[in-house]
Amino acid sequence: MTTEYRISLDQDACEGIFACLVRDERFVEADDGLASIEGADAVAEGGAADQPLVAAFDDERIDDARQAAAACPVDAIEVTEL
């Protein structure tokens, strides 16, 4: 069963520990040494650089996203079911 959800990543809170990368392959290391969300639909909310990256998905990988969020020691990732 597919689930529609969004992943929000607060890059200001991210410390580049990358616990998320090993739990969900959509998280990648960005050029600045912090985590990012792979995918063309990942954009900063409102287009502002100081806003979280947000990506929407409709698939069966919500548990991977939730594991990545739970593993983040600085709580920079939020997963919201739509």
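Let me sum up the structure you'll find in this document. (Residues numbered from 1 in each chain as written. Predicted model: local features only at pLDDT ≥ 70, side-chain atom pairs only at ≥ 80, totals over all residues. Heavy atoms only, no water.)

Time to look at the pairing of strand S5 (residues 53-59). Buried residues dominate S5, accounting for 5 of its 7 residues. As defined by bridge partners, strand S1 (residues 3-9) adjoins S5 across 7 bridges and the pair is classed as antiparallel. In the sheet register, glutamate 4 faces S5, and the bridge partner there is aspartate 58. (Buried < 20%, exposed > 50% of the residue type's maximum accessible area, 1.4 Å probe, protein only. Helix = DSSP H or I, 4+ residues; strand = E, 2+ residues; numbered from the N terminus. Pairing = 2+ DSSP bridges.)

Under the counting rule described, the total for this entry stands at 1 cavity of 30 Å³ or more. Cys14, Ile17, Phe18, Cys72 and Pro73 are, among the 14 residues lining the largest cavity, the residues nearest its centre. In the lining of the largest cavity, the residues fall into 12 nonpolar, 1 polar and 1 charged. (1 Å grid on protein atoms, 1.4 Å probe; cavity = no way out; pocket = protein on both sides within 12 Å on 5 of 7 lines; lining within 4 Å. Points joined across faces, edges and corners; volume = space filled by probe spheres on them. Nonpolar A, V, L, I, M, F, W, Y, C, P; charged D, E, K, R; others polar.)

We now examine the side chain of serine 36. Turning to its location among the elements, serine 36 is positioned in strand S3 (residues 35-37). On the basis of relative accessible area, serine 36 is assigned to the buried category, the value being 16%. Setting aside chain neighbours within four positions, we find serine 36 in contact with Leu9, Gln11, Arg26, Phe27, Val28, Ala30 and Leu53. (Contact = heavy atoms within 4.5 Å.)

Topologically, leucine 9 is positioned in strand S1. Residue classification places leucine 9 among the buried residues on the basis of a relative accessible area of 1%. For the pair leucine 9 and isoleucine 77, spaced 68 residues apart in the sequence, the C-alpha separation amounts to 4.7 Å. Excluding its chain neighbours within four sequence positions, the residues that come into contact with leucine 9 are Phe27, Ala35, Ser36, Ile37, Pro52, Leu53, Ala76 and Ile77.

Now for the nonpolar core. Counting 18 residues, the largest nonpolar core has Ile7, Leu9, Phe27, Ile37 and Ile77 as its most contacted members. For this core, the secondary structure elements donating two or more residues are S1, S3, S5 and helix H1 (62-71). Residue contributions to this core peak at 4 residues, all from H1. Sequence-distant contacts of isoleucine 77, defined by excluding residues within four places in its chain, comprise Ile7, Ser8, Leu9, Cys20, Phe27, Ala68, Ala69 and Cys72. (Core = buried A, V, L, I, M, F, W, Y, C linked by side-chain atoms within 4.5 Å.)

The next subject is unusual backbone geometry. Phi is mostly negative for residues that are not glycine, and the peptide bonds are mostly trans. In this structure, phenylalanine 18 takes a positive phi of about 65° despite not being glycine. Residue placement: phenylalanine 18 occurs in the loop between S1 and strand S2 (27-29). The phi torsion at aspartate 75 lies on the positive side, around 55°, for a residue other than glycine. Here aspartate 75 is to be found in the loop between H1 and strand S6 (77-81). Looking at aspartate 75, the relative accessible area reads 63%, which means it is exposed.

Note that all results are geometric; they support no functional claim without further evidence.
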